[in-house]
Amino acid sequence: MTSQNKPLGVFSPFASLPEEDQHLVKSTWATAERAYIPRSNFPVGAAILAANERGETKVFTGCNVENQFFTATICAERNAATTAVNAGYRRFLKVALVCKKYPGGSPCGLCRQVIVEFAAHGEVLNTVDTDSNVRVFPAVELLPAACGEAVSFEQLSASDKRLVTDLEALSQRSYVPYSKRPRAAFFYATNSSGKTRRFRGVPDDNASYGGSELAETVAMRAARTAGFASKVTLVVTVEDPNTANPVDGKSLQVLREFGLDAKVILVGKNRSIVRSTVAELLPDSFGPDAVS
Ligand code: THU
């Protein structure tokens, strides 16, 4: 069974949008023209309507700016977001975007993480075609909660109990001088000979926060390096497995690359477990299909 990557939100024809929203969507196309995209040739434009402390509103735009070493690339949405915050406009009311070559392509996990930080009550307008029709949805839907029921430690099977205690033991190795949150991840993956292995990860903080590595990404990258990349399950410690945005958007974006069927097991501070999938935690995801 293949998981679906269903688009979020409600289809809204451009003509039906209020003038303010039409303006916002139009600016995404204009902004995408300025994308610096020597590596991907994949222009993206974002426009954010944001409010400052006095309730004044303004539109901020951003394009994607790539780098020869891929990871320093800044996406269009985060470019617009930081521009708005830099000007004192921290309350995002509307976040519009367009993937010019692939209308309908949605924000990546890193951008989602930044959008939800400032758009708790805002909405997203994702341009889905060249006629500027959009899909509209609350920004919080970008990083939802897992809806599976939490199973308490006492109710777990012996092997799941062992999983939790192993994870807790591993978290002791965290290097977290700045985030101060010891965490741990296991990543189960299968190689081309059908062999399955477990890879481990702990957070590796960095004085320049963006240089930090998360427990999940450490484990996932170790698996990839060893040639184990199919039938994957990410097991990860979280604060509370039943709240929205339980796992960092970057980790989900990395997991997404292993396929839409990727499984996730959330292990809460209270040692309860919730089972989920990348399709559930990163709905309408930006995946390999967008850029290939
Ligand atoms: N990109 C964005 O600007 N926003 C997203 O949400 C997804 C990806 C950019 C990054 C890179 O320059 C290109 O699109 C291909 O991923």
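These numbers were taken from a predicted model, which means no experiment stands behind them.

1. Details of the packing of helix H2 (residues 76-86) against helix H3 (residues 109-118)
Angle between the axes and distance between the axes: these two values describe a pair of packed helices. Contact pair H2 / H3: the axes reach a minimum separation of 9 Å and the direction vectors enclose 30°. When the axis of H2 is compared with that of H3, the two are roughly parallel. Crossing angle aside, the handedness with which H2 passes H3 is left-handed. In contact with Glu77, Arg78, Ala81 and Val85 of H2, H3 contributes Leu110, Cys111, Val114, Ile115 and Phe118. When its residues are assigned to classes, the contact of H2 with H3 shows seven nonpolar, no polar and two charged.

2. Quick word on the packing of aromatic side chains
According to the stated counting rule, one finds six aromatic pairs in the structure shown. When the centroid spacing of 4.9 Å and the interplanar angle of 65° are considered together, the rings of Phe187 and Phe258 count as edge-to-face. Of the two residues, Phe187 sits in strand E7 (residues 185-190) while Phe258 sits in the loop between helix H6 (249-256) and strand E10 (263-268), which places them 71 residues apart along the sequence. Seen from the ring of Phe153, Lys161 lies directly overhead, with NZ or CZ sitting 5.7 Å from the centre. In this structure, Arg198 packs its charged tip against the face of Phe186, placed 3.7 Å from the ring centre.

3. What to know about the pairing of strand E8 (residues 196-201)
In this structure, E7 lies alongside E8, joined through six bridges in antiparallel fashion. Of the residues in E8, the one forming a bridge with Ala185 is Gly201.

4. Topic: the site of the ligand
The environment of the ligand is formed by 14 residues, the closest being Asn64, Glu66, Ala76, Glu77 and Cys108. Interatomic distance of 2.8 Å between a side-chain N/O atom of Asn64 and an oxygen atom of the ligand. In the model, an oxygen atom of the ligand is placed 2.9 Å from a nitrogen or oxygen of the Ala76 main chain. The protein chains hide 89% of the 380 Å² of surface that the ligand would expose on its own. For the shell around the ligand, a count of residues per class yields eight nonpolar, four polar and two charged.

5. What to know about the pattern of salt bridges
Tallied over the entire structure, the rule returns 13 salt bridges. Residue Arg271 pairs with Glu168 through a salt bridge whose shortest N-O separation is 2.8 Å. Highlighted residues: Arg271 in the loop between E10 and strand E11 (273-277) and Glu168 in helix H4 (residues 158-171), separated in sequence by 103 residues. The partner of Glu239 in a salt bridge is Arg181, with the nearest N and O atoms 3.4 Å apart. Placement of the pair is Glu239 in the loop between strand E9 (230-238) and H6 and Arg181 in the loop between H4 and E7, with a sequence separation of 58 residues. Judged by relative accessible area, which is 43%, Arg181 ranks as partly exposed. Through salt bridges with shared partners, a single network forms among Glu20, Asp21 and Lys94.

The rules behind these values
Residues numbered from 1 in each chain as written. Predicted model: local features only at pLDDT ≥ 70, side-chain atom pairs only at ≥ 80, totals over all residues. Heavy atoms only, no water. Axes fitted to C-alpha atoms, helices over the stretch in contact; angles between N-to-C directions. Helix = DSSP H or I, 4+ residues; strand = E, 2+ residues; numbered from the N terminus. Parallel < 35°, antiparallel > 145°, perpendicular 65-115°, else oblique. Left-handed = near helix turned anticlockwise from the far one by under 90°. Contact = heavy atoms within 4.5 Å. Nonpolar A, V, L, I, M, F, W, Y, C, P; charged D, E, K, R; others polar. Phe/Tyr/Trp six-rings, centres within 6.5 Å; stacked < 30°, edge-to-face > 60°. Lys NZ or Arg CZ within 6 Å of the ring centre and 35° of its normal. Pairing = 2+ DSSP bridges. Near = heavy atom within 4 Å. Polar contact = N/O pair within 3.5 Å; in protein donor to acceptor, adjacent residues only side chain to side chain. Areas by Shrake-Rupley, 256 points an atom, 1.4 Å probe, with all protein chains shown as cover. Salt bridge = Lys/Arg side-chain N within 4 Å of Asp/Glu carboxyl O. Buried < 20%, exposed > 50% of the residue type's maximum accessible area, 1.4 Å probe, protein only.

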